[in-house]
Amino acid sequence: MKKGLEPFVWDYGAPGRVGAVLPEADVPFVELPPGIPPRKDLPLPEVSELDVVRHFTRLSRLNFSIDTNFYPLGSCTMKYNPRVNEKAAGLAGFVEAHPLLPQDLCRGSLELMGRLQELLGEISGFSGVSLQPAAGAQGELAGVMMIRAYHRDRGDDKRTRILIPDSAHGTNPASVAMAGYQAVQVPSDSRGNIDLAALEALCDDTIAGLMVTNPNTLGLFEEHIVEAAAAVHRAGGLVYGDGANMNALLGAFRPGDAGIDVMHFNLHKTYSTPHGGGGPGAGPVGAGEKLAPYLPGPVAMKTDGVWGLGMPPRSIGRLKTFYGNFAVLVRAFTYISLLGAEGLRAVSENAVLNANYLMKLIRGRYRIPYDRVCMHEFVASGQVTPGTRTLDVAKRLIDYGFHPPTVYFPLIVKEALMIEPTETESRETLEAFAAALLAIAGEAEADPELLAGAPHAAPVRRLDEVRAARDPVLRRHA
Ligand SMILES: *Cc1c(COP(=O)(O)O)cnc(C)c1O
């Protein structure tokens with residue numbers, strides 16, 4: 001074993017040790033085609049089953065997960081993922097369905113898609129839903145492309161700009177740019193809403209639309225949502241809703257009723273698919289009458305009582321092979337079906353209650369820049385003393401056994417600490433987390449070095465996160 005490194009699978013085992021016995025081949029042997037010499041040397045670990053189990057169990061314990069720790073990562077909705085979802089997603093009828101099966105042999109899967117489209121439409125107030133997009137960001141791109149197709153169909157070619165509030169998630173301007181539009185920033189007012197006067201001043205016939213997140217990334221309900229949508233519509237634009245924060249609104253507010261024309265859902269956030277580590281997720285889009293014909297397809301459609309697939313009449317086309325990330329759809333369908341309308345409403349009520357309770361517990365020591373009743377998350381400043389940096393507070397939380405909140409986002413709050421507890425956490429957990437944050441505020445005053453050196457008890461210390469993402473070293477041995 002190399003000194004200073006965690007044991008890895010090559011460190012277990014011995015030459016000749018095996019953990020699996022392959023069955024006799026039941027197909028004839030064939031020679032490799034000429035030009036492909038068999039490899040003489042294939043240095044694979046030679047390990048028993050127990051070695052493999054220990055290896056992966058040990059690796060899994062090096063990470064934080066919602067199954068082991070409180071994970072209040074703002075904007076990401078790291079809620080508990082009920083195990084029954086996994087059971088449903090693992091049913092043989094779903095797992096073993098080949099994506100090229102003729103529709104007659106997979107009516108059950110198609111019905112699940114159709115009924116999920118209907119449920120999402122009912123929850124959000126949209127007449128059409130497509131399950132194609134693989135993530136929220138791809139749903140955004142789909143929605144902006146639908147807006148573009150709508151304007152083009154009407155011969156309205158002078159619209160080149162899309163308005164985006166300055167609190168928006170970075171994927172919003174990225175999606176706008178990918179769809180060929182220019183992103184124009186709209187400032188927020190002192191209550192954290194869109195500055196309505198500034199928005200109205202920007203609304204002219206060069207505006208293709210507005211992209212708005214509600215509740216916004218400050219965790220605040222957008223109080224001018226109806227007026228903002230109306231102003232954009234008066235100028236001939238359309239309104240995109242970023243639905244990533246729907247965990248605050250289930251059963252209480254339908255974006256489709258408030259003037260939003262198209263919106264994405266983050267099934268992996270609101271509807272409890274395990275996420276982090278890069279997916280898979282799903283970002284279905286819902287649309288009202290004007291934009292539903294442009295939805296990406298194919299979508300599930302019912303003809304003579306039977307679910308099949310079809311393309312919306314003016315569809316922007318396909319975004320994903322086959323049926324999207326199907327297992328994520330099964331999880332969302334299971335989650336929604338089991339909770340029902342009342343259960344979903346309780347999800348959002350408890351998510352909002354938990355966030356407000358936690359905000360109250362820490363607001364004596366941590367400044368809340370937009371201090372009003374929050375929705376499912378809130379943004380504090382980590383600057384508990386003039387010299388304290390949010391990054392240090394976040395890293396120190398790891399020593400207390402908590403995953404840090406989102407930091408330095410949204411960009412309009414200096415030293416932002418964005419905290420989303422979700423509905424599945426108990427009062428005791430919230431209080432323990434608040435106690436840790438208060439203790440860290442005390443440490444920041446008494447012993448700033450302690451924070452600057454944190455985490456002290458983690459397998460790795462401070463990483464160059466950008467380099468780790470852009471230039472990862474995935475091989476342990478040269
Ligand atoms: C997570 C998130 C997105 C992007 O969703 P992905 O599924 O990660 O692509 C967009 N907007 C907001 C506000 C989000 O929180």
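Quantities reported herein were computed from a predicted structural model and do not represent experimental measurements.

> Can you lay out the overall build of the protein for me, pointing to particular residues and giving the numbers?
A count of helices and strands for the protein gives 14 helices and 12 strands. Along the first, second and third principal axes, the C-alpha atoms of the protein reach 75 × 70 × 45 Å. Expressed as a percentage of the 478 residues in the protein, the buried residues total 49%. Long-range pairs, those at least 24 residues apart, make up 70% of the contacts in the protein with a sequence separation of at least 6. Working note: accessible area of the protein is about 23,500 Å², and carbon and sulfur atoms make up 57% of it. Within the protein, the 53 negative side-chain charges are centred at a point lying 3 Å from the centre of the 46 positive side-chain charges.

> For unusual backbone geometry, give the residues involved together with the corresponding values.
Asn 214 connects to Pro 215 through a cis peptide bond whose omega is -10°. Of note, the bond from Gly 297 into Pro 298 is cis; its omega dihedral lies within 30 degrees of zero at 5°. Its place among the elements puts Pro 298 in the loop between β7 (285-287) and β8 (299-303). Even without being glycine, Ser 272 reaches a positive phi, approximately 65°.

> Residues and numbers for the sheet that holds strand β11 (residues 406-407), please.
The sheet built from 3 strands is open, its strands ordered β10-β12-β11 with antiparallel pairing. Each of the sheet's edge strands pairs with one partner strand only, and the pair in question is β10 (378-381) and β11. Here 2 bridges tie β11 to strand β12 (residues 416-419), and the two strands are oriented antiparallel to one another. Following the sheet pairing, Thr 406 is matched in β12 by Met 418. Running over the sheet, helix α10 (residues 326-362) touches β10 and β12 and is turned about 15° from β10.

> Any chance you could break down the layout of surface pockets for me, citing the residues and the numbers?
In this structure, the second largest pocket encloses a volume near 310 Å³. Taken together, 18 residues form the lining of the second largest pocket, with Phe 94, Ala 97, Pro 99, Tyr 323 and Phe 326 sitting closest to its centre. Among the elements of the structure, α3 (92-95), α4 (107-124) and α10 are those that each provide at least two residues to the lining of the second largest pocket. Residues of the lining of the second largest pocket, tallied by class, amount to 13 nonpolar, 4 polar and 1 charged.

> Break down the site of the ligand for me, citing the residues and quoting the values.
Lining the immediate environment of the ligand, one finds 13 residues, of which Ser 75, Gly 136, Asp 242, His 268 and Lys 269 sit closest. A distance of 2.8 Å separates an oxygen atom of the ligand from a polar atom in the backbone of Gly 136. Taking His 268, its side chain carries an N or O atom lying 2.7 Å from an oxygen atom of the ligand. Those elements giving two or more residues to the shell around the ligand turn out to be α5 (136-153) and α9 (267-270). Residues that form the shell around the ligand fall into these classes: 3 nonpolar, 7 polar and 3 charged.

> Mind laying out the domain arrangement of the protein, listing which residues take part and the relevant values?
Domain boundaries assigned for the protein yield domain 1 (1-62), domain 2 (83-339) and domain 3 (347-468). When each unit is reduced to the centre of its C-alpha atoms, the spacing between domain 1 and domain 2 is 43 Å.

> Any chance you could break down a nonpolar patch on the surface for me, citing the residues and the numbers?
A grouping of Val 52, Phe 56, Leu 59 and Leu 62 is seen on the molecular surface, where their side chains present a nonpolar patch of about 320 Å² in accessible area. Summarising the element assignment, Leu 62 is placed in the loop between α1 (49-61) and α2 (83-89).

> With reference to specific residues and values, describe the packing of aromatic side chains.
Inspection of the entire model under this criterion finds 7 aromatic pairs. Relative to Tyr 335, the ring of Tyr 271 has its centre 6.5 Å away and its plane inclined at 80°; by these criteria the two rings are edge-to-face. Of this pair, Tyr 271 sits in the loop between α9 and β7 while Tyr 335 is found in helix α10, placing the two residues 64 residues apart along the sequence. Side by side, Tyr 271 and Tyr 335 carry an identical accessibility label, which is buried.

> Summarise α5; cite the residues concerned and give the values.
Relative to the 26 Å expected for 18 residues at 1.5 Å per residue, α5 spans 26 Å between its end C-alpha atoms, a close match to the ideal helical length. Buried within α5 are the following residues: Gly 136, Gly 139, Glu 140, Leu 141, Ala 142, Gly 143, Val 144, Met 146, Ile 147, Tyr 150 and His 151. Phi for Gly 155, located one or two positions after α5, is positive at around 70°.

> So, the state of the cysteines: which residues are in play, and what are the values?
Summed over the entire model, instances satisfying the criterion amount to 0 disulfides. Here Cys 76 is not disulfide-linked; the sulfur of Cys 374 is the nearest cysteine sulfur, at 17 Å.

> Go over the nonpolar core with me, naming the residues and quoting the values.
Counting 56 residues, the largest nonpolar core has Leu 116, Leu 120, Leu 199, Leu 210, Leu 267, Tyr 271 and Leu 329 as the members making the most contacts within it. Of all elements in the fold, only α2, α4, β3 (182-186), α7 (196-202), β4 (207-213), α8 (225-234), β6 (262-265) and α10 reach the threshold of two or more residues within this core. A per-element tally of this core places α10 first, with 11 residues. Counting contributing residues, this core receives three or more from each of domain 2 (83-339) and domain 3 (347-468).

> An account of the pairing of strand β5 (residues 238-243) is requested, with residue identities and associated values reported.
Among the 6 residues of β5, 6 are classified as buried, and the element is accordingly described as predominantly covered. Side-chain alternation along β5 places Leu 238, Tyr 240 and Asp 242 on one buried face and Val 239, Gly 241 and Gly 243 on a second face that is also buried. Note that β4 and β5 share 5 bridges and pair parallel. Its bridge partner lying in β5, Val 212 is registered against Gly 241. With α8 bridging β4 and the parallel β5, this β-α-β connection has right-handed handedness. In the sheet, β5 pairs with β6 via 4 bridges, with the strands oriented parallel.

> Report on the packing of α4 against α10, specifying residues and quantitative values.
Taken N-terminus to C-terminus, the directions of α4 and α10 make an angle of 45°; their axes are 10 Å apart at the nearest point. Here α4 is positioned oblique relative to α10, judged by the angle of their axes. Read as a crossing pair, α4 and α10 show a hand that is left-handed. Between α4, through Ser 109, Leu 112, Met 113, Arg 115, Leu 116, Leu 119, Leu 120 and Ile 123, and α10, the contact on the second element is made entirely by Phe 326, Leu 329, Val 330, Ala 332, Phe 333, Ile 336, Ser 337 and Leu 344. Taken together, the residues of the contact of α4 with α10 sort by class into 13 nonpolar, 2 polar and 1 charged.

Reading guide: rules and limits
- Residues numbered from 1 in each chain as written.
- Predicted model: local features only at pLDDT ≥ 70, side-chain atom pairs only at ≥ 80, totals over all residues.
- Heavy atoms only, no water.
- Helix = DSSP H or I, 4+ residues; strand = E, 2+ residues; numbered from the N terminus.
- Buried < 20%, exposed > 50% of the residue type's maximum accessible area, 1.4 Å probe, protein only.
- Contact = heavy atoms within 4.5 Å.
- Areas by Shrake-Rupley, 256 points an atom, 1.4 Å probe, with all protein chains shown as cover.
- Lys, Arg positive; Asp, Glu negative; His and termini not counted.
- Charge placed at Lys NZ, Arg CZ, Asp CG, Glu CD.
- Pairing = 2+ DSSP bridges.
- Axes fitted to C-alpha atoms, helices over the stretch in contact; angles between N-to-C directions.
- 1 Å grid on protein atoms, 1.4 Å probe; cavity = no way out; pocket = protein on both sides within 12 Å on 5 of 7 lines; lining within 4 Å.
- Points joined across faces, edges and corners; volume = space filled by probe spheres on them.
- Nonpolar A, V, L, I, M, F, W, Y, C, P; charged D, E, K, R; others polar.
- Near = heavy atom within 4 Å.
- Polar contact = N/O pair within 3.5 Å; in protein donor to acceptor, adjacent residues only side chain to side chain.
- Domains from an automatic or database assignment.
- Patch = residues over 30% accessible without salt bridge, like charges linked within 9 Å, V, L, I, M, F, W, Y side chains within 5 Å.
- Salt bridge = Lys/Arg side-chain N within 4 Å of Asp/Glu carboxyl O.
- Phe/Tyr/Trp six-rings, centres within 6.5 Å; stacked < 30°, edge-to-face > 60°.
- Expected span 1.5 Å × (residues − 1).
- Disulfide = S-S within 2.5 Å.
- Core = buried A, V, L, I, M, F, W, Y, C linked by side-chain atoms within 4.5 Å.
- Right-handed = clockwise from strand over helix to strand, strands pointing away.
- Parallel < 35°, antiparallel > 145°, perpendicular 65-115°, else oblique.
- Left-handed = near helix turned anticlockwise from the far one by under 90°.

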